[in-house]
Amino acid sequence: MKITLSLMFLLLALSASAVEVKDTVKMHELVVVDERHSAAEVSNLPQSVSVVRREQLAQAYRPSALPTLTESVPGLFIPGRNMMGYGVNSGGAGAILVRGLSSGVGQMLVCIDGEPQYSGIYGHSVADLYQTHVLDRVEVLSGPASARYGSNAMGGVLNMVTRQVESNKVSTNVTVGAGSYGTVQAEATNHVRKGRFSSLVTAQYNRSDNHRENMDFQQAGGMAKLAYRFNSHWRASAMADINYFYTQLPGTVDRPMTDNEQWITRGSANLTLRNNYNSTSRLVRSLMKGRFPMSTQGAVTIYTNFGKHKIDDGTADPVNAPSTQYFRSRDNVAGVSAWQCVDFFRGNRTTFGIDYQHIYGRAYYTDKATGSEKAPTPASGKSHRDEVAAYVDFYQQVTDWFTLDATLRVDHHSVAGTELVPQGALLFKPMKDGELKASVSKGFRNPTMRELYLYKVANADLGPERLMNYELSWKHWLMAGRLSYGVNVFYMKGWDIIQPTMVNGASINTNVGDIENCGAELAFDYRINKKWDLNTNHSYLHMEQPVLSAPTYKGYLGARYHEGRWSAQAGVQYIAGLYTAVGANEQKENYCLLSASVGHRVWKGLNLWLRGETLLGYRSYETILGYPMPHASVMAGISWDF
């Protein structure tokens, strides 16, 4: 702890010694929440929103975006097992937790360009898909967002926004690196913008032996995104990606495993047609006959994400109890979303939307020796579900200092039935540069195919999980927007949480669990001058029922530097009260991490970079029980723009 405080004071001292700043930045950030909804300022959204931009992601030189998000977003935590690779949430790795709610059980929704990304059978996200080089920014909505996004957004939304080209040019980036534990990262990105057409094509390959025997990881994949602007009002875009990864897991240190392997293929695709008419357009003037300054924008998107999984659960005794079968599954989530936002009168924004999803999944075992199929599950006729919903959001600026927002969603699930989902927020501006926001929102999660039909604990009569969240937040901008801070306090109460319960002598999934969490979050950003940025965030979480992999306290202090040919960043993260086991054998973990990276432009677009992780690696720590994390590691490489 003394080392942590010393480093914090050192960073603050460096900040205080910076020269007087002469530039200014925008006070409010305009952010497109996703491709399904209208653009809005962060301050006007009902949820607490954190935006991690490309420069912050790229400067860390990490292939995965998730470690940077853990540092940058208060209340967000992502457990891991090794230097590279998460797998498909086995043992909790890669589960994205916000305020104690987890994507590992489908309570936290992950999107790419606004479209949901999760396994159709298990309902969880797949952490190894979220690569830094394809991203323009990441938007994290903390707190229930089910009124807009439906099921799985019970705890919030993490939206990955892919990169776009703003000016006419052709550019390519190639980044390669290598380092500790036989780790290699390589990625290539090509941008084209010519008139109305733009494209983004990427490819990547990552691998690592990691820090334990039988812990190999490999990944390869790519993405293509095309966009065309027909005119000033209409544009279309299409995106497709495919990723393959192999993960080998060694088991816990006290129970080693062999043959514990995963072969995963996942992909997604979408097609979007978007419109945007402002009050000066001929169409709007003809519709409204000049009576109101109306504008309208909207989109229709068709999307799919799919997966093919082959998993060997391995064995602790390969001689006497060898592994004899593979678990296999196929899943697909396909849907259509459409929304139209209309500004009926001054200060108004009303959005109408509809969503439809078809969720398919099939899981079974095959014999290793013969390849014959065993016990297909879910049973025939129970391999798919459908969900349809409609919502309306009414946003109105009543005065210069008071705004209200209300959303109502009606969501129907083919198994769980119909759910009404309200959300409301009040925004007060008692001063020009300060905002106070009060919100109440409902979240829900429909049962997954695994919970309904798979394994002995399955229960086809399950209903949705439900949660109410109450939140108060304050945001303040100072020094022409160069300095900002925000404080959030929240209380959430959840019920009908799905968990195994003994019924008539047998364990079965039932809606009997509760959630009661409360906490506070603080974020502080200071652009000291053109060279230096300082940021820190802190979060405290109290859980009546402790949640695995959820820390009680998380704090981070970081600084970024850029001048001429040099760039650098460093950060200290402290975790306290991280639950690695709950129940009768409850265990907690406390640890402190230091990470740093530096880049140097040696010639035109050619940069050399160096990255260090866990630089305070004086002791082992765990985020998952039985899986000690690696000590200090170093990566070095080149990044070439041409």
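Source: prediction; values computed, not measured. (Residues numbered from 1 in each chain as written. Predicted model: local features only at pLDDT ≥ 70, side-chain atom pairs only at ≥ 80, totals over all residues. Heavy atoms only, no water.)

## Digging into the confidence of the model for the protein chain
Then comes step 1: Averaged over all residues, the pLDDT of the protein chain is 88; the fraction at 70 or higher stands at 88%.
Then comes step 2: Confidence drops under pLDDT 50 across residues 1–28; counting only partners more than four residues distant or on other chains, this segment forms 42 contacts. (pLDDT = per-residue confidence, 0-100. Contact = heavy atoms within 4.5 Å.)

## Some words on the sheet that holds strand E3 (residues 48–53)
Then comes step 1: With mixed pairing, the 5 strands of this open sheet are ordered in space as E3-E9-E10-E7-E8. Edge strands, defined here as strands with exactly one partner in the open sheet, are E3 and strand E8 (115–116).
Then comes step 2: Where strand E7 (residues 109–112) lies against E8, 2 bridges are found, and the strand directions are antiparallel. Looking at the pairing, Ile-112 lines up with Glu-115 of E8. (Pairing = 2+ DSSP bridges. Helix = DSSP H or I, 4+ residues; strand = E, 2+ residues; numbered from the N terminus.)

## Considerations on the packing of aromatic side chains
Then comes step 1: Tallied over the entire structure, the rule returns 15 aromatic pairs.
Then comes step 2: Considering the side-chain rings of Tyr-228 and Phe-230, the 5.2 Å spacing of their centres and the 75 degrees angle between planes classify their relative orientation as edge-to-face.
Then comes step 3: For Tyr-228, a relative accessible area of 37% puts it in the partly exposed group.
Then comes step 4: The rings of Tyr-122, Phe-327 and Tyr-365 are connected pair by pair, giving a single aromatic cluster. (Phe/Tyr/Trp six-rings, centres within 6.5 Å; stacked < 30°, edge-to-face > 60°. Buried < 20%, exposed > 50% of the residue type's maximum accessible area, 1.4 Å probe, protein only.)

## Things to note about the pattern of salt bridges
Then comes step 1: Evaluated as defined, the whole model comprises 24 salt bridges.
Then comes step 2: When the shortest N-O distance is used, the salt bridge between Arg-207 and Asp-209 registers 2.8 Å.
Then comes step 3: Look at Asp-209 and you get partly exposed, because its relative accessible area is 33%.
Then comes step 4: Here Arg-266 and Asp-331 are joined by a salt bridge, their closest N and O atoms 3.0 Å apart. A residue pair is termed long-range when its members are at least 10 positions apart, and Arg-266 in strand E18 (residues 258–277) and Asp-331 in strand E20 (residues 325–343) qualify at 65 residues.
Then comes step 5: Of the residues examined, Arg-266 reaches a relative accessible area of 4% and is grouped as buried.
Then comes step 6: Put simply, Arg-62, Glu-71, Arg-611 and Glu-613 are held in one network by salt bridges that share partners. (Salt bridge = Lys/Arg side-chain N within 4 Å of Asp/Glu carboxyl O.)

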